[in-house]
Amino acid sequence: MPGSRPIATAVLGRTLRHREVWVGFGACVVVAVTSVTVRQSPLFDLPAALAAVRDAIAGQAEQVVLLAATAALIAAWLRLRPRREAGAVSPETVVVVWSAPLLVALPSFTDDPWAYFDQGWQLSRGIDPYVVGLTDAGGPFAPFVDPSWAHTATAYPPVALRLSQAVVLAADAHPLASLLVLRLVALAALLACGWSIRRLAPLAGVRGDVACWAVVANPFLLLEGVFNAHTELLMVAVVLVAFTVARGRFGVVLGAAFLAVAAALKQPAIVFAPALALFTVPPAVRARGRSRVWVSAASRLLLVGLVGSAVFLLISWASGLGTGWIANTGTPSRNWSPSAAHLLRPVINAVARTAGADTPVVSFAVVAGSLTVAGLVAMAVAAVITVPTWSWARLAWVSALVYLLMSASLWPWYAVPLVVFLALDGDSPRAPRTAVCATVVLTVWSAAGGDVLTPSHALLAAVLLALLVFRYAPDLPELARRAPRYAHPAGWDEHS
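Being a predicted model, the structure only gives us computed values, none of them experimental.

1. Some words on the overall build of the protein chain
Move 1: Summing up its helical and strand segments, the protein chain has 22 helices and 0 strands in all.
Move 2: Burial analysis of the protein chain (496 residues in total) assigns 56% to the buried set.
Move 3: Intrachain contacts of the protein chain at a sequence separation of at least 6 include 77% that bridge at least 24 residues.
Move 4: Surface exposure of the protein chain reaches about 20,500 Å², of which carbon and sulfur atoms provide 69%.

2. Some details on the side chain of Asp118
Move 1: Its place among the elements puts Asp118 in helix 6 (residues 112–124).
Move 2: There is a polar contact of 2.9 Å between the side chain of Asp118 and the backbone nitrogen of Thr135.
Move 3: Discounting chain neighbours no more than four positions away, the residues touching Asp118 are Leu134, Thr135, Gly138, Phe141, Ala142 and Val145.

3. Topic: the nonpolar core
Move 1: If you look at the biggest cluster of nonpolar residues, it comprises 135 residues, and the most contacted ones within it are Trp98, Trp392 and Phe421.
Move 2: The element that contributes the greatest number of residues to this core is helix 8 (residues 175–204), accounting for 12 residues.
Move 3: Apart from residues lying up to four places away in sequence, Trp98 is in contact with Glu20, Val21, Gly24, Phe25, Cys28, Leu73, Ala76, Trp77, Leu80, Ala217 and Leu222.

4. Some points on the confidence of the model for the protein chain
As a note on interpretation, predicted positions should not be read in detail where pLDDT is low.
Move 1: Averaged over the protein chain, the pLDDT score is 80; the fraction of residues at 70 or greater is 70%.
Move 2: Below pLDDT 50 for its whole length, residues 488–496 participates in 25 contacts with residues either more than four positions away or in separate chains.

5. Here's the deal with a nonpolar patch on the surface
Move 1: A contiguous nonpolar patch, built from Phe250, Val253, Leu254 and Leu303 and spanning about 350 Å² of accessible area, is present on the exposed surface.
Move 2: Within the secondary structure, Leu254 is located in helix 12 (residues 251–265).

Basis of the calculations
- Residues numbered from 1 in each chain as written.
- Predicted model: local features only at pLDDT ≥ 70, side-chain atom pairs only at ≥ 80, totals over all residues.
- Heavy atoms only, no water.
- Helix = DSSP H or I, 4+ residues; strand = E, 2+ residues; numbered from the N terminus.
- Buried < 20%, exposed > 50% of the residue type's maximum accessible area, 1.4 Å probe, protein only.
- Contact = heavy atoms within 4.5 Å.
- Areas by Shrake-Rupley, 256 points an atom, 1.4 Å probe, with all protein chains shown as cover.
- Polar contact = N/O pair within 3.5 Å; in protein donor to acceptor, adjacent residues only side chain to side chain.
- Core = buried A, V, L, I, M, F, W, Y, C linked by side-chain atoms within 4.5 Å.
- pLDDT = per-residue confidence, 0-100.
- Patch = residues over 30% accessible without salt bridge, like charges linked within 9 Å, V, L, I, M, F, W, Y side chains within 5 Å.
- Salt bridge = Lys/Arg side-chain N within 4 Å of Asp/Glu carboxyl O.

This is the structure in structure tokens:
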């Protein structure tokens, strides 16, 4: 459009004039500089200035600096929230500015990218990472892989592995160059989320600028999705595309195909199949009563399952990797994490010993399997009873929450889909505030090391949460519900 470029330029100028944009940029610079204190940094030939920084703030000082920078980043994000006027700030511009210093930093909060690259390097040498464990083949990335994951075969699906291979080949197997390439892919995925959200927000009754601010400029997604380059962000970006393309003709088939691609990046994408099926039920069917919605949603879910399974198997065959990941599904739970399965197992065994058992009677696999079955049953019951009165966005974030609670292992980045779909739920007045609270909690958790907080960190986090959430969150529900819902989006095919 002729006038679109001046409007975009004006929004860009207004965005860059906000002081909070540069406060957040400064916070990201601090995060990038302090990243040289991670344990892998001695393996790099760091400049003398960065080596001096590493020596000066190593240990507890590093955590204090990181938490202070994280607090500044969260505060800047909250102050940039959309006001009554729409389009005052471009979240896409904000995240590009903030991510600039993070693209060239070492990972501070996780070692996972090195595992990705080691698997990609193995593939580039004709080695099957479903059979050969991490670091077992040597290579340029082996020294950086977390020792706790050494010698373990991967459970990642084929698209994730082929993406890692492409990144390693594009970067000529250089560690820092590989980080840069993967982060650029992750940044593109976050911007793609914004593209989809602006099209999905009117269907959910949420203001597009509010939803984009809550997702695209989100500090948690920036740190875990771009800085740490976890594949959950790529998965969610493709899931959102699946919902976006499901609006038009043959939408169920196209949406299912993209959902299969997302599952080939990270298997948990399959939990969004019920929400996708509900999303494709035409408004005319909803108007005919609850039983019609049940029948239509169930038939569409069956179609999503059939098409998605076929596409997933086709991708697995075309990748040359097959389904070897199935044999390694227990790998992610190898390390302890604060998941329900890890927390409940010692409690169950303690009760068993109190009752007279000489040895622990419940294995981790039994607890994790039981929780998985219980979670699936709970989601199925909720779908049967309440789907006709739920929005697709609510069903999506509830599905993400069920997966989070029933996972055999739990890390903060597993909550990426939960934060995204909470921001899209325009039916619940508490959802936007919950998304903000979850962002604050998860961002602090990530900055504290992605593990259980020490008492001192927990106290600092509690003070931070109380100050930020109660100061900035109360007006978010009212802002998010200021948009009309469009029941009949352009291009919707009533007979698809």
